[in-house]
Every structure is written in structure tokens, then in C-alpha cells.
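# Residue-level structure breakdown
Given next are the chains, with one letter for each unit.
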Amino acid sequence: MPSPPISRLFHWTVATLLVVAMIELAFRLVIFPGWRDLHHDMYVPHPAFGHYTKPNLDIRRLNPGNWDVRLHTNALGMRGRNADMAAELAGLWVLGDSNTFGGYVGDGEVFTARLAGFGLRSANLASEGHSLAYQARVLRWLAAQGKRPRAVLAVVTIYHGIRPYEGAEAELQHPAAMAAQPADAPHAAETLRAGLSELAGGLPTSALAVRTFLGTNSAVYGWLKSGIMGIPALRALSLTAGLRTDLDLVYPFSLDLLRPMTEGNPALAEVRATAALLAGLADFTRRELGLPFGVLVLPGNHQLYPAAFAKWRTANALGGEDLDPLRALRALEAEVAARGVPALDVLAPLQASPVRVIFPDDGHLNAEGHRIVAEAVAAWLPGALGLERRP
Amino acid sequence: MIPGLAPVTVDSLAFLALAAMVVLAAWSGRPARFRAALAAASLVMAASWLKPLDALALALFLAPPYLVARRLWGRGDAAGPWLPALILWQVGLFIALRRYEPLDRVLVHPIAIIGLSYMLFRVLHLVIEAPLLGRLPLSPLRYLSYVGAFWTLLAGPIQRYDEFCAGTETAGRPSPEMQLAAGHRAVNGLIKAFLIAPVLLNASKLDFLTAPGAGWSDALLVFYGYPAYLYLNFSGYTDVVVALAALCGTRLPENFDRPFLSRNIQEFWGRWHISFGIWIRSYVFTPLCKRLLNGSRGRHADALTAVALLATFVVVGLWHGTTPGFVVFGLAHGAAIVLSAVWGGLLKARLGKAGRKAFLAHPATAAVATLLTFHFVCLSMQAFANPLAATWAAWAVFLAG
């Protein structure tokens, strides 16, 4: 007796599942075992400052066509190795975000590690996704543990680093012992709500979400993607076909950051809040630790490459507006200087580079960018912060 | 341990591949093909978890029961000295491998065998019943497939050998309606166990009680969240494997029947981890009770039954975990059943048999009994989540404000 259609459908469904699963397993085990390096769960909740990079990491981070690096963290979760931790913590402390953490370049290529070559050991306190407010907690937490550096350098990436920072400056006035207390201890109800929200939004409903899902779950997709990215013609085709985001067209911020920084511009308040937090950090460092403090401002794609900014303007039909990608950067530098905090601008040396200084598919500094920043910082530190080089 | 392949879990791609392979083998209409596929899947599943030393220890754990079962197979009631010796060896080795406290300070080894507790149940069942199972086939492959079947390896349910053998003979393609129902149940199970349950687990961590500003909503989530997680995780897993077996035209025992609606703890154990409850009753409580009652020649029957019950629940607690907290869990449940029996006796003395029946059947009584039982279960399950001392300390901090 012939099987009913529904039964045949079931048969084919199970057979298809078997074939797909076997192909995927074959890719995971044999053809592309490196797919696990496409994504790593690198973070861990931290009682004092929200989340931080996992301690003692030793992983390969892979994004074919963009980077392929080995990454280590020390026992405290800071970029670097345990063997160097004590010396680094006794040197310059560098606060920052993903650009400073340098998760996209090798251990020795991060500008903080390169400073050692100039006789300036430094501890990289940055963590991906951290804002200045979180980094302020890292600084206070380390200070509360009794650790002491030679100086502190806070790195701000344009535009991510410019934020309202409500309450972060006041937090710096709290007693040092509070740095060890859970700052944002989550509650059960919030955790449940967050979990349910994540669950509700868990199904990939957009093309981007589907791609992200496949990127983290499929070796076949990772293999295809890496194959495409490795071939220049296909890589260019992927861009024109819309399979890859054009970095030049990425601007997830307010247009106010590009407009004239006059009193009516709400972006100016954010710039001032950022400068105020930096001044607060400087004050904390001088008052509590008796040490010098400086600021490093890192430009992004649109500041470094005017053509990229022009392309974005054209694509968004914003040619008629008075927009300038350097306004936020210049305003921040002016506000920081007005508060008596020394700041280093590395736009000029980065722009002078004959080769690209950021990755093609994201705005983070590449190895060349880190090299240039290291040189600039090493040249600036002795004069600005009085930090002598130690061989 | 298979290079490159992570240990196979029910929510993994490898499990999907194994399951699809076994289902297609079952649907081929050839029992031998199904048995071969089941054995192969079980081997891959076990190998993905076991390191070489684990595999060696497992061989030591599984070989003697097979040899004893082989010797006793179909010999009627004449078990002789082999059976008690084997049970002693098997339980002793189990304790050594699981490293119960405080033995863990002496027995230091790296061996960790996934599903060992469930294997213990299956092999003990097999050797105890071996004299009566002569009508069924027993071969090394069939034995290993039974003890380490890929769908019941991680967390049961505990299947009887005769049911397992019947399943391997009747495997085939079920009706479209049953396929649809099984598929539906498997998807529901995956959602329960791997999507909803983890959310509740994350929200029920003990740390929330001691966090600054913790309130009663946090306390309620910690208290109810973990039991809800346990139920959803375990019953969801069971749904997946029972549905998978149903897709193959075979049957695995059910493990859950709305346990949180139980009106007393005795009823709870008939609704929660049912296959485990049946095993414990068959191979621990009933023989122990019989022995005690026979030894006393019928005197102090109630007291001896209570002793047997408490001893049984100590075993229940110890099976669930290796720390003293699990003994407390078992004793609490045993004591609750004894108290429930005493309460039933008092009611009978006061209201008579019919009066007691009417009282217990009253909706208000049933509702109160269900609520009390549910809260007792939630309270006792706190022992599963954290060490007792930590649980006690966290609640003390919270209640002290």
C-alpha cells in the first residue's frame, strides 16, 4: 500500500535533516574545523564593573578576510599574559574600549604592548563593549586593591566614546572601598525580564539576524563566507550584492555630532559630559593616586578618510547640510583642554599613513594603526605626563 | 571523546544527526537495521563523552553485570550467591566512581562517566530479573544498546529490559497522526528544556538574595524559579526522547504526570521521575520492607515500614547527589510521607474511612493539600541548587534585611 503524502513528507523531512546535519558535521570536523574561532564567548559578568573579558584566555580569533589573531588575557582578564602582568600593572594604565583592547590584532601588535618597545610598560585595562563609565570602575577597583601605576591614560574613540554618562562622574566621589562593591548588581526580576526579552527576540526575523545566526552556528556558512572573503573579486561582489555591510555607509549615531557645536546642539551636552567624566577621572587619579592623567582621542573611519564620509553623505542625500565628521573630535579636545587635562590627537599621523590604518569591514585600528598610535603615544608621554622611559 | 566533536547533548546537531539516522533505520522496516543504527548511535554518543580512562572504568562497570546476567539467564529463581555479590560490587564501584562525600578526599581520580546512575539502575534491574528473562535474547551488543541507548543515556527514563527488547522488534513507521504528535512533542520538549528552562535558571541564582536592594520579587523568583527550571528542563528532555522513540515506533516509559498538582509527597513520587520511583519501589523499598517485616514476624509493622521508607528515601537522596544536602532532601521527603500516613491514620480514627475519603476529596482540602505539597517540594529542591549552608546563609541575609 503506498504511503500517504504526509508520511512521505515526514520521510523526506527526516532524510533532509540527516543530510544537512551530516554535511554540517563534516564541515565542523574535517573541512573547516576553524569555524569555532569565528566566534568566542569572551566575556564574563563582573561583580564590580558589569562585564569583563574572561581571565586567562588563549584563543584564536578569526574573521576571514579581515583578521586572524591569537589573543591572550591575564589572570585579571586584561589583554596580555600572566608573566607580564605585575610589570604592566606597575607601569601606565590604559583605559579604553574595543579599539584599545585590540581584539582584532595580535598580542604584540596592540599599541599598549608596543609601548614596551619604547621603554614604557603598560597595562591594558580596556574591555570590548566597555564605556568610560565602566572603565572608571575598573580604575577604582584596581586602586582599591592597592595596585599603583605610574600614570593613567584614558582612550576615547570617536564617536562611541561620546555619551551622556549620567551619574558616572558622581560615582568617582564615592569612597574607594565602594569600588569593590557590586555597582550594577542585577536582580532576579530584571534577569528574568532580560531572559524573556532575549527569548522573544531570539528568532532571526531579518536577513541580518539570519546571517548572524548562521555565522555563529554553521561551519558551512562560515566556510562559504571565508571562501568568498578570501577571493578579491568575490569579496567586491559580496559588497555590491549587499551581502556585506559597506563600512563607509555605517553611521549609527546622531547627526547632531556632525553639526556645528553651538549651544543649541544637544550633542554638545554629550561632549561636555564626556569631558567632565574625563576631568573627574583626572581628578581622581591625581587626588587618590597622586599620579598624572592624560587622554588619547582615536578617530574613526569618517574622520580618517574624507572620501568615506563623502560617500556616506551622498548615499544618504545629506549633501546640502553643514556636516563635518571632525566637529565632535575637535569639540571634545577643546572641552578636555579647558578642564586642564592633557590630550593627544593622533589624527594627523594616522592620516599620513600610506596604507590603510583600520580594518576594511569594521572601524577598529589594524596592526598598522596600532603601530602608529604606539609611536605617537610614546613620543607624547614623557612631555605631557612626565613619564620617563625605562629600558 | 571524539576529536573535534563536542560531547553530544540532546540539543546538539550531532544528536539530530544520530536521531535522524535511527528514525530512518526504524522506518526501513528491518528490525536488524534499527538495532544496528541504535547501537551505532549509542556508541557515538557515549564515545563523545568518554575519555580513555572513563571508557576503561565503564568497561569495568559494565562487564561483570553482563557476565552474571548471562550466567543467571532463564534459571528461574535460583540466583545463588552471584546476585548479592554482584550488587555489592556494582554499588561499591558506583560509590567509588561517583566520589561521594567524604570519600572524595580519599578517592581522588579524574573519572567522570556520563549517565552512570542510570546505567546502575539498568544493570541491577537486568541481573535481578535475569533468572526470569530467559525467553528474551541477550547478546553483548543488545546489552550495551540497552544500558547505553543514546536516547536514554543522559537522563533516562529507566526502561525495563523486556520493554527494550519488545521495542527493538516492533520498531517501524508509526501512523502519520503519531508521527505528527511525536514531532510536536519533540519540538515542545526542546522549547521547554533548552529555551524556557535556562531563563528560569539564570533568574533563580542564590546570589540575587544577597545583592544590594534585593526584594521579595527576587526572593520569590529564587524560591519558585529553580523548581520550575528543574521541571521544565527534565520533562522537556524526557519529551524529546520519548517522542523520538515514538517516531521509531517504540515506546519509552513516561517520567512526568503534572507532578506539581500532587496532593501529598507519596503522590508526588508517582508523578515526578516516574520510572525512577517505580525502580526504587521495586528494588529498594519493597524488598527492604519485606525483609524487615519478615524478620519481625509482623510486629511493629507500621514502625518498620516507616524505617524502610526513610531508608529508601536516603537512597533516593544519595542517588540524586553526592553531598549531605541530598541526604537531607531524601530524609525530608521520607519524613513527609510518614507524616502524611500518620495524618491519614488520625483522620481515619476521627472521621472513619468514608469520612476521611470525603474530607480529602473536598475541593478546599485538595487545594490546600496541593499548595502545601507544592511548597514543600519547592523548599526541598533548594538543596539541589546549592550547598545547604550557602542556601541557609543567603536566605538569612535576605530575611535579615
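Now for a description of the structure that goes with this document. (Residues numbered from 1 in each chain as written. Chains lettered and ligands numbered in written order. Predicted model: local features only at pLDDT ≥ 70, side-chain atom pairs only at ≥ 80, totals over all residues. Heavy atoms only, no water.)

A separate point is the overall build of chain A. What chain A contains, in helices and strands, is 16 helices and nine strands. Taking 2.2 N^0.38 as the reference for a compact globule, 391 residues should give roughly 21 Å; the C-alpha atoms of chain A span a radius of gyration of 24 Å, in line with that estimate. Within chain A, the proportion of its 391 residues that are buried is 50%. By sequence separation, contacts in chain A at least 24 residues apart represent 71% of the contacts at least 6 residues apart. Positive and negative side-chain charges in chain A, numbering 35 and 35 respectively, have mean positions lying 4 Å apart. (Helix = DSSP H or I, 4+ residues; strand = E, 2+ residues; numbered from the N terminus. Rg over C-alpha atoms; globule rule 2.2 N^0.38 Å. Buried < 20%, exposed > 50% of the residue type's maximum accessible area, 1.4 Å probe, protein only. Contact = heavy atoms within 4.5 Å. Lys, Arg positive; Asp, Glu negative; His and termini not counted. Charge placed at Lys NZ, Arg CZ, Asp CG, Glu CD.)

Take the interface of chain A and chain B next. Contacts between chain A and chain B engage 28 residues on the former and 31 residues on the latter. Summed over both partners, the interface of chain A with chain B comes to about 2,400 Å²; 78% of that surface belongs to carbon and sulfur atoms. The three residues of chain A that bury the most area against chain B are Phe10, His187 and Ala188 of chain A, which together make up 21% of that side's buried surface. For the interface between chain A and chain B, the tally reads zero salt bridges. Viewed at the interface, chain B and chain A are joined by five residue pairs in polar contact (both at pLDDT 80 or more). Looking at which element gives the most residues to the side of chain A that touches chain B, the answer is helix H1 (residues 5–31) of chain A, with 15 residues. The class makeup of the residues in the side of chain A that touches chain B is 18 nonpolar, six polar and four charged. (Buried area = accessible area lost by both parts, 1.4 Å probe. Salt bridge = Lys/Arg side-chain N within 4 Å of Asp/Glu carboxyl O. Polar contact = N/O pair within 3.5 Å; in protein donor to acceptor, adjacent residues only side chain to side chain. Nonpolar A, V, L, I, M, F, W, Y, C, P; charged D, E, K, R; others polar.)

This part covers the nonpolar core. Grouped together as the largest cluster of nonpolar side chains are 131 residues, with contacts concentrated most on Phe150, Trp151 and Tyr161 of chain B. Residue contributions to this core peak at 17 residues, all from helix H10 (residues 216–247) of chain B. Contacts of Trp151 of chain B, omitting those with residues within four sequence positions, involve Val22, Phe34, Leu38, Gly156, Tyr237, Val241, Leu244, Ala245, Cys248, Thr250 and Leu252 of chain B. Within the second largest apolar cluster, 56 residues are counted, among which are Leu139, Leu289, Phe293 and Leu318 of chain A. (Core = buried A, V, L, I, M, F, W, Y, C linked by side-chain atoms within 4.5 Å.)

Take the packing of aromatic side chains next. All names here are of chain A. The full count for this structure, using the stated rule, is 43 aromatic pairs over all chains. With centroids separated by 4.6 Å and ring planes inclined at 65 degrees, the aromatic side chains of Trp67 and Tyr104 adopt a geometry described as edge-to-face. Here Trp67, found in strand S4 (residues 67–72), pairs with Tyr104, found in the loop between helix H3 (98–101) and helix H4 (111–114); they are 37 residues apart in sequence, far enough to count as distant. Both residues of the pair, Trp67 and Tyr104, count as buried. (Phe/Tyr/Trp six-rings, centres within 6.5 Å; stacked < 30°, edge-to-face > 60°.)

Our next topic: the pattern of salt bridges. Residues and elements named next belong to chain A. For the structure shown, the criterion picks out 33 salt bridges over all chains. Residue Arg81 is joined to Asp107 by a salt bridge in which the shortest nitrogen-to-oxygen separation is 3.9 Å. With Arg81 in the loop between S4 and helix H2 (82–89) and Asp107 in the loop between H3 and H4, this residue pair connects regions lying 26 residues apart in the sequence. Taking relative accessible area as the criterion, Arg81 reaches 43% and is therefore assigned partly exposed. Arg272 is the partner of Glu263 in a salt bridge, and the nearest nitrogen-oxygen pair spans 2.8 Å. A cluster of three or more residues bridged by salt bridges with shared partners is formed by Glu263, Arg272, Glu335 and Arg339.

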